[in-house]
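If you want the building blocks of each chain, they are given just below.
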Amino acid sequence: MSFTSQVKLELAGQTQQSYCCVTAELGAFILGASVMTLSQHRHISLGFRTENATVLRRALWLFNKSGKAAARPRLLLRERMAGRRQYILQLSSEDSHRLLRDQGMLRLDEAGEERFSAPQRVMRRNCCRRAYVRGAFLACGYIADPRRRYHAEWVYQDRARALRLKRVLAQTGLAATLSARRGNVLVVIKGGDQVAELLKVIGAARALFSLENTRAEKSLKESANRAVNCDHANLNRQLSAASRQIAAIEALSMAHGLSALPPRLEALARLRLSQPDARLVDLGAQLNPPLSKSGVWHQMRELINRAQELGF
Ligand SMILES: [Zn+2]
């Protein structure tokens, strides 16, 4: 099951809701997953469309919670491309008008007929804003598997609907951006913190837990990688310093022979040639008398200076 389906399944199980939140969630469903048709008498009929059976059940549950139904909704099945099925929960015209009136989504035209309009209802309560975001996610939301990336999006047919969600998201502390794709308007949330916050807002506790687990694993892996890279860098530095020392010593050896050097420098030069990978501190320990790391460093410096005087 995709991560999106898991989250939707979890959300659909949230049945402890007050009436205000049922209305808010229904509003999000209407803007995110409905088809509206007009009968010849200019009556609006509302249908909820989805390919996801969980979402269909949720739409039916919300409808039943919203008030007394005038008629039982009809379930239509539409065959889509590539064998995909789309369910439509078709409401009676009377129920459709009731729902739209509750949402403030109807206005009267000059002829006194009710027409669909942008929602006039303002959500003042936090519980309702969260319910709206939850409904929008069920209706037209998608969330990527956090093991791949931190990304959530909603797909809307027009900009006004997308903007309404963006505003509600902002009220719950989530920063979304709008973008366009194939004639649709997308509301997008990115980043581990924001996606985690989204799951918190919609109350998907199980999904949040699995996201946090993935994040912890990822950051552990990243810090392990950093440690390995860091060791490599150190090693490279050591090796390139050692190879410069060896080249200098070989130049001195070819010019005058190592025995022409003062004894303390000769001993260090021979030690370095025999142990090209050894650290300075280890070379120093083998000298007689032993030398500290900085002592060895100064003598190496002197060897290199002498080689440079020879034109090395
Ligand atoms: Zn509420």
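As the structure is a computational prediction, the values presented were derived from the model and not from experiment.

J.: A description of the coordination of the zinc ion should follow, citing residues and the corresponding values.
T.: Any two of four tetrahedral donors ideally make an angle of 109.5 degrees at the metal, while pairs among six octahedral donors ideally make 90 or 180 degrees. Taken together, Cys-20 (SG), Cys-21 (SG), Cys-127 (SG) and Cys-128 (SG) make up the protein donors of the zinc ion, found 2.3 to 2.4 Å from the metal. If you list the donors of the zinc ion from N- to C-terminus, the spacing comes out as C-C-x105-C-C. On the criterion of sequence distance, the pair formed by Cys-20 in helix H2 (residues 19-33) and Cys-127 in helix H5 (residues 126-140) is long-range, its members being 107 residues apart. On the basis of relative accessibility, which here comes to 26%, the residue Cys-127 falls in the partly exposed class.

J.: How would you summarise the packing of H5 against helix H7 (residues 192-202) if you had to cite specific residues and measurements?
T.: The packing of two helices is summarised by the inter-axis angle and the distance between the axes. Their axes nearest at 8 Å, the elements H5 and H7 cross at an angle of 110°. When the axis of H5 is compared with that of H7, the two are roughly perpendicular. Here H5 contributes Arg-130, Val-133 and Arg-134 to the contact with H7, which in turn contributes Leu-198, Val-201 and Ile-202. Residue composition of the contact of H5 with H7, grouped by class: 4 nonpolar, no polar and 2 charged.

J.: Could you give me a rundown of the environment of Cys-127, with the residues and numbers involved?
T.: In sequence terms Cys-127 and Tyr-156 are 29 residues apart; their C-alpha atoms lie 23 Å from each other. With near-sequence residues (within four places) excluded, Cys-127 lies in contact with Cys-20 and Cys-21.

J.: Go over the layout of surface pockets with me, naming the residues and quoting the values.
T.: Here the largest pocket is characterised by a volume of approximately 830 Å³. Among the elements of the structure, helix H1 (3-12), H2, strand E2 (44-50), H5, strand E7 (141-143) and strand E8 (151-156) are those that each provide at least two residues to the lining of the largest pocket. In terms of residue class, the lining of the largest pocket is made up of 9 nonpolar, 9 polar and 9 charged. Taken as a whole, the second largest pocket holds about 470 Å³ of empty space. At the level of secondary structure, the elements contributing two or more residues to the lining of the second largest pocket comprise helix H8 (205-255), helix H10 (280-286) and helix H11 (293-309). Residue contributions to the lining of the second largest pocket peak at 8 residues, all from H8.

J.: Which residues make up the domain arrangement of the protein, and what are the values?
T.: Entries for the protein in the domain assignment read domain 1 (3-203) and domain 2 (227-309). Using C-alpha coordinates to define each centre, domain 1 is positioned 73 Å away from domain 2.

J.: Describe the sheet that holds strand E10 (residues 184-190), with residues and values.
T.: Reading across from one edge, E7-E8-E10-E9 is the order of the 4 strands in this open sheet, with antiparallel pairing throughout. Bordering the open sheet on either side are E7 and strand E9 (177-181), each of which pairs with just one other strand. Strand-to-strand twist of the sheet, defined as the mean angle between neighbouring strand axes without regard to direction, takes the value 25°.

J.: How would you summarise helix H4 (residues 93-102) if you had to cite specific residues and measurements?
T.: For H4, the full list of buried residues reads Asp-95, Ser-96, His-97, Arg-98, Leu-99 and Leu-100. In this fold, the buried residues of H4 make contact with H2, E2, helix H3 (53-65), strand E5 (106-108) and strand E6 (114-116). Two residues or fewer after H4 comes Gly-104, characterised by a positive phi angle close to 65°.

J.: Tell me about the packing of H1 against H3, and please be specific about residues and values.
T.: Two numbers describe how H1 lies on H3: the axes approach to 9 Å, and their chain directions differ by 25°. One finds that H1 runs roughly parallel with respect to H3. Where H1 crosses over H3, the handedness of that crossing is left-handed. On H3, the residues touching Lys-8, Leu-9, Leu-11 and Ala-12 of H1 are Thr-54, Val-55 and Arg-58. When grouped by side-chain class, the residues that make up the contact of H1 with H3 number 4 nonpolar, 1 polar and 2 charged.

J.: So what about the pattern of salt bridges? Which residues, and what values?
T.: Using the criterion set out here, one finds 17 salt bridges in the structure. One salt bridge connects Arg-181 with Glu-153, and the closest N-O pair in it is separated by 3.2 Å. Taken together, the positions of Arg-181 in strand E9 and Glu-153 in strand E8 put the pair 28 residues apart, joining distant regions of the chain. Overall, the relative accessible area of 37% leaves Arg-181 in the partly exposed class.

About the criteria used
- Residues numbered from 1 in each chain as written.
- Predicted model: local features only at pLDDT ≥ 70, side-chain atom pairs only at ≥ 80, totals over all residues.
- Heavy atoms only, no water.
- Donors = N, O, S within 2.8 Å, 3.2 Å for Na, K, Ca; no water.
- Helix = DSSP H or I, 4+ residues; strand = E, 2+ residues; numbered from the N terminus.
- Buried < 20%, exposed > 50% of the residue type's maximum accessible area, 1.4 Å probe, protein only.
- Axes fitted to C-alpha atoms, helices over the stretch in contact; angles between N-to-C directions.
- Parallel < 35°, antiparallel > 145°, perpendicular 65-115°, else oblique.
- Contact = heavy atoms within 4.5 Å.
- Nonpolar A, V, L, I, M, F, W, Y, C, P; charged D, E, K, R; others polar.
- 1 Å grid on protein atoms, 1.4 Å probe; cavity = no way out; pocket = protein on both sides within 12 Å on 5 of 7 lines; lining within 4 Å.
- Points joined across faces, edges and corners; volume = space filled by probe spheres on them.
- Domains from an automatic or database assignment.
- Pairing = 2+ DSSP bridges.
- Left-handed = near helix turned anticlockwise from the far one by under 90°.
- Salt bridge = Lys/Arg side-chain N within 4 Å of Asp/Glu carboxyl O.

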